[in-house]
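A closer look at the structure
In case you want the letters, here they are:
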Amino acid sequence: MQMLCHGELLCTVEISVGELLDRSEQSHPIIFPPKKEEDVSACPSLSMTLEQRLSDEKNIAVLCPLTTLTSRVTDALALRTDAGHRLLARYRRTQSRRDLDQSIKHFERASDLCLMDHPCRSAALFNLANVKFVSCQADGRYLDLDIPISLFQDALDLRPTDHPDRAITQLHLAIAMLSRFAKKGFQTDVDAAEELLSEVLDSCHANSHIHRAALLAIETSALHPAASIDVNGLVQESPAASMLPLLPGQLANQAERCLRRDDPHALDEVISLHYDALGYYNTMHTCRGQLLSNLSTMLITRFKRRGNAEDMDRAIALGREALTLHPVSHPDRSKTLNNLANQLSTRFDHRGNAEDLDQAIVLHREVLALRPVGHTHRSKSLNNLAVPLSTRFHHRGNPEDLDQAIALQREALTLFPIGHTLRSMSLNNLAVQLSTRFHHRGNAEDLDQAITLHREALALRPVGHTDRSMSLNNLANQLSTRFDHRGNAEDLDQAITLHREALTLRPVGHPDRSKSLNALANGLSTRFDHQCKAGDLDEAIALHKEALVVRPVGHADRSASLNTLANGFSTRFDHRGNAEDLDQAVALQREALALCPVGHTDRSMSLNNLAVRISTRFDHRGNPEDLDQAITLHREALALRPVGHTDRSSSLNNLAIQLSTRFDYRGDPEDLDEAVALQREALALCPVGHTDRSMSLGNLAVRLSIRFDHRGNAEDLDQAVALQREALALCPVGHTHRSKSLNNLANGLSTRFSHRGNAGDLDQAIALGREALTLCPVGHTNRALSLNNLAVQLSTRFVHQSNAEDLDQAIALHTESLALYPVGHPDRSMSLNNLAAQLSTRFDHQGNAEDLNESRENLCCALALLTQHDPRRLMIHRSLATVYLSFHCSGLTGTGGPDEDTDSLNTAMHHFKAAANFVPGSLLFRLRASLDWVRRADQHRHATELEAYGTSMQLMDAYMSATASVSSRHRAMQDFPRMLAVDAASCALRSGDVGRAVELLEQGRTIIWTQMTRLRTPLDTLQTRSDHAAALMKRFRDLSSLLDRPPASHAGGTPSVNGEAAATRYRRLVEDWNGVVEEIRKLRGFSRFLLPPMFADLQEVARGGPIIVLVASKSSCDAIIITHTQPPTSIQLPTDCKKLITLVLELREAIGKDASPKGNQTALIKALRKLWDDVVCPVVENLGGFARRGSRIWWCPTSLFNFLPLHAAGEYRENGKSLSQQYISSYTPSLTALMRARRRHDRSPSVLFAATGQNLPAGAPSTPDRVEPEPELVRSYDRRKVAFAAIGQNLPAGALSTLNCVEPELELVRSLLPPPPTVSFTKITSVDATKSRALCALQDNTWLHFACHGTQNFDDPFKSAFLMRDQPLLLLDITQMDLSRHEFAFLSACETAVGDFATPDEVIHLAAGLQFAGVESVVGTLWKVNDSTVQRLVEAFYKHLCRDGKMVSRRAAQALHQAIHSLARDKDMPLDQRIVFMHIGA
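The following refers to the structure shown. (Residues numbered from 1 in each chain as written. Predicted model: local features only at pLDDT ≥ 70, side-chain atom pairs only at ≥ 80, totals over all residues. Heavy atoms only, no water.)

So, about the pattern of salt bridges. Tallied over the full model, the rule gives 72 salt bridges. For Glu456, the salt bridge is made with Arg423, and the minimal N-O distance between the two is 2.9 Å. One end of the pair, Glu456, is in helix α19 (residues 444-459); the other, Arg423, is in helix α18 (residues 423-441), and 33 residues separate them in sequence. A salt bridge links Lys1114 to Asp938; its shortest N-O distance comes to 3.3 Å. Here the residue Lys1114 occupies a position in the loop between β3 (1107-1112) and β4 (1117-1122), and Asp938 occupies one in helix α40 (residues 923-939), the gap between them amounting to 176 residues. Bridged by salt links that share partners, the residues Asp938, Arg941, Glu945, Arg990 and Lys1114 form one connected network. (Salt bridge = Lys/Arg side-chain N within 4 Å of Asp/Glu carboxyl O. Helix = DSSP H or I, 4+ residues; strand = E, 2+ residues; numbered from the N terminus.)

Listed below in structure tokens is the structure:
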């Protein structure tokens, strides 16, 4: 096989001789495919002809000499050819003329070696022609083109039709001829070239490099006249025989052509050629920087056309490399800096990385510095720097950036004086920046100046000017903006006129026609919004439809047109209510989203748009799936906008709004908390100075206000007001958003007034509302909202100041607002409700029946407009209930007086009930509605009163369970009626249902304790049921354990979002826990698991003796006696709440008064006598048939009775009666608490033994239900030790004096207890008695004795405490402990059994806390106790308790009773000290 030169190894081919012969006969060349790293390259081929000869000696003799001769010639030919190619290659790199001349000489010598009949002559001629052609290009000697053309022609003549290199020769010959035509204009050259190129196209495969080069040559020759034909561009497309890269200038020309047309194939090929050239021109080559810069430009262009992020990153990397090759003082540095800066700006636009934008600005600044005043390109650099500064302003809000951008544009404009061709462009750029500043600062001068500049730009672009349509559009947009802010209809009409003219200048086929169609459509839509001309909206939709047709499937802007058309349909739906419009809008948005698949740069925006449409559909149809889908779409959009993305704050806000909406509809507090957290994050992304900070402040404030409305946390409200004040400060007079900010702050102040009553807040709210209304003149889009807000504030002031003018003005404002909400408007129902409320109020004060009738009519219409799941129905139901009550009370129905109009009353109660039971509404709103129902049903003694009470307490329990900490539950309890449970019981008593009264008391009292103890409910019986039951038990225990943990305390600097996250987690756990409880209730025998107990269950607790429940309600005071075997007995007591309050106050004043040894404490005795006469004596008189004298009874006081020493009641005269003479008194916070104490006692072996060893006083009733222990348990008790801890602290932290009796008291206790091994005694005192040591002692010992200071915190009763050496041992700490095996606690401290006056039925004090934590029996104190009393009572108590050497906790009540009796003989001890101790528990 003959080779012209040594060549390059392309690949290794293995092929059999037979196959070679077959290929030769069939003329099938062997094709060498491109190498993997090449995007586009030539595909060389190898063709050969093989002959099969006989192997005889004759033939061998003939071939040998020829082979020898050929070998010598070929070696010389190869050497010359290789040398020529190497020199030509080096010339291409170095542009050294000497290399080119030497290359020509080598190729000439190679040609001389190939005689006329030499098989390689055509190749030698081709190589020589090629190098001669390059020489002509290098020297510009196009007149010498005759030589290479002649050589190419000779080579072609030697390459017949079937020659594999004929096509490449034809291509080069054609290009040379076209080059000569460009200089000499010979038509024969063009004709010959076209014929040659046509033959190339016919003979070459369509995918071959030669075929594409021929196409390009034909195209170029057709596009360019003879005088301007791009010879270099043609040559670079045709690969020379040597396959060397093209010159940088040739590549640059080709690149420019690619930028002017959208030919994806050509762009790919130019990029590939640039890569090939980079591989050839090394780092030191002077042209490498140019190649890098041009390739970077090509890649960023491809990115913009196709969206492949790799192209963008690669472009920037190449741009950086190019910049390193263009150091300071390099002539191309400014151009390279500019290109790199533009590319970084592009990447910022798509990814939002702030570093890219900052770096782009730095680079543009350097470019500007390299183009000082007088530089021809300074104006361009001024503009280029202004653009990213403006962009940075939009994303960070630094006003200096915007001001600097405007200053740069102003300077650029000065460089384009009147008459300059580019002045109109500069006018436009400055106008855009001024418009931006107007939008963010509201300075009307900026907007007016922008319009003036646009008008001047338009005047410089008269009819026929290519940019007139753009100027028309720009001026129209600014006029529309001015209309939005000033409401001048002339501006809007002129804008529409300008858009119409712009559209006429962009006929069918114009590339910007779709933009003009959309712009005109938007203007018409705006005019429709303000003038409600149906023709405008219909025309707008028609224009949007035409724009969509102009952007068919595959068009880059189709998704944008789909979105604008969807907006039009959505608007028409809002005004006409045609469901097809809304469905079509959703369908269009779905199609738009489909055009933005995962990875598309606009996907997040499309997700957001679809979410908005679906959310609108939810608002009008109430399908919860739509709302959930909208939230899902917003979540996906947010995920595509990670931290650092420019639009993240917008996505955070959108998701927060939808979550808030779902909260309004479903009442899930988790949604609201997440919305608040998202708004906080959005605000963090808008720091001080950011353009969107005021909006973000307002959004967060709105969410916090909503949460305040539902939870009543004052911190939320104060923070909301503070945020609104900051937002208003960012919207000075003239700012476009000032009216909105004024309204928001006014609403916040009005809300705060409603909860705190500061008249200054309300007056300021009204003043702000009036200013906001003046900023929303007739025609303004926000006028209805401002009217409504001001009306609400005026009506609030009327309620508090009774100025009739305020009410009349409020009604007039609401009426005007309603007129702006036509039928079909989503806010019409609420506007009807607001107007109805004020009409009803005016009726109440003026008695005009027309007002009440109109109010009812409006409310019925409002209810009809809302879907069945709309949470606002709850509000309408409450309003209707109020109106029907007014009808009932006024007798306007014509059925007679109020007592006869039962229909209106029944209808009112129906609406109250509907509101309370409306599940989509929030728990707080439902609870408030139920309390209204209770109040009104009680007021009118309606048959639904008892049902209303039951519903209220059920909702109260559900509402409180969603609050994490016990302290916050206590605070929340104070916002609701403190006598709800006792009033409910009183209602049941009036109806004769005593058992139901007891049930309601248990359901509505000690709610906080009940919720805590639920989490510690044992479920051991489920363990052996089934695997499913065992799994439920484990799940219940796990969730209960998590919920029972104290909430995490965050440091002062911890963002509140962490606390919100913790609250969200807690509510999620509550939801899961409720689900497990529901599953457990499905098990056989557990249907009432953790439900409020039935009376039959509660009655069981009276096995040990009668229980007296004292009920103090607003209507009556009653005692309920509960026994084990008989129905409960109700006794109405001869007292009332007013008298009880007086008695409680008298007792408090009498304690400690005249307490000296000679004092007789007459005031205390008088109070105790009254307590006996009015409360205790009537009970004792009815106990005779239920309890034997000397037996135990239990008091379960409610409300005010909690603060009375019932056990001390008596006549206190000689031979007078007293309770202590007849019964042993114990207390229990609730029946359920006593039930749990007894069940714990019955489960433990020690309690079983204690039951058998208890000595009852003579005449005490038997306990037939007591379980006799088996002998093994008795022996077990004999071996066990009682773990007893005595905890004393004589000098706690912060104390001013020492308790000298602490140490003697504890030693006294030790001496009175049975000795070891019966009792294991631990004493902790003095410096050892710290909080942590006390907690350990509490955990490790089942018998406890405290001797220390005790305090009752009335503001936060869970902070009541035993005072230790370092810090208080709080009641809150005790509640977190499991003391379920503990038997007894003696609290020798002050005020350990004093409740909280704000929430008396929650019974929150130290003694109750120990019992609820699990201690079976507790002795506490009602008020302060002195040292001498303690010493003597402790001695007497433990003597009686341990009289037989045994420790039995159930003796505690009897031991205390006997100890008090022993003290009664001591006349030196004041009466208040003798009765200070009380017993709680079993």
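Picking up after the structure, the text goes on.
The next point concerns the packing of helix α17 (residues 399-414) against α18. The contact between α17 and α18 brings their axes to 9 Å, and the two run at 160°. On the basis of their axis angle, the class for α17 and α18 is roughly antiparallel. Between α17 and α18 lies a crossing of left-handed hand. Where α17 approaches α18, its residues Pro399, Leu402, Asp403, Ala405, Ile406, Gln409, Arg410, Ala412 and Leu413 are matched on the opposing element by Arg423, Ser426, Leu427, Asn429, Leu430, Gln433, Leu434, Thr436, Arg437 and Arg441. Here the contact of α17 with α18 is composed, by residue class, of nine nonpolar, five polar and five charged. (Axes fitted to C-alpha atoms, helices over the stretch in contact; angles between N-to-C directions. Parallel < 35°, antiparallel > 145°, perpendicular 65-115°, else oblique. Left-handed = near helix turned anticlockwise from the far one by under 90°. Contact = heavy atoms within 4.5 Å. Nonpolar A, V, L, I, M, F, W, Y, C, P; charged D, E, K, R; others polar.)

Our next topic: helix α6 (residues 166-184). With 19 residues, α6 ought to run about 27 Å at 1.5 Å a step, and its terminal C-alpha atoms sit 26 Å apart, in line with that. Along α6, 17 of the 19 residues are buried, which leaves the element largely enclosed by surrounding structure. Gly185 sits one or two residues past α6 and shows a positive phi near 75°. (Expected span 1.5 Å × (residues − 1). Buried < 20%, exposed > 50% of the residue type's maximum accessible area, 1.4 Å probe, protein only.)

Another point: the environment of Pro1092. With respect to the helices, strands and loops of the structure, Pro1092 is situated in the loop between α47 (1056-1081) and α48 (1095-1099). Each C-alpha atom, one on Pro1092 and one on Leu1000, is 8.6 Å from the other, the two residues being 92 residues apart in sequence.

Overall, the coordinates contain 14 aromatic pairs when judged by the stated rule. Between Trp1343 and Phe1384, the ring centres sit 5.5 Å apart and the planes meet at 50°, which makes this aromatic pair tilted. Note that Trp1343 is positioned in strand β10 (residues 1343-1347) and Phe1384 in strand β14 (residues 1384-1388), a separation of 41 residues in sequence. A single burial state applies to Trp1343 and to Phe1384, both of which are buried. Seen from their ring centres, Phe1384 and Phe1437 are 5.6 Å apart, and the 15° between their planes marks the pair as stacked. Highlighted residues: Phe1384 in strand β14 and Phe1437 in helix α59 (residues 1427-1441), separated in sequence by 53 residues. With relative accessibility at 0%, the residue Phe1384 sits in the buried group. Residue Phe1437 is classed as buried on the basis of its relative accessible area, which comes to 0%. Cluster of aromatic residues (ring-pair linked, three or more members): Phe1284, Phe1321, Trp1343, Phe1384, Phe1386, Phe1437, Tyr1438 and Phe1477. (Phe/Tyr/Trp six-rings, centres within 6.5 Å; stacked < 30°, edge-to-face > 60°.)

Such coordinate-based values are descriptive only and should not be taken to indicate function.
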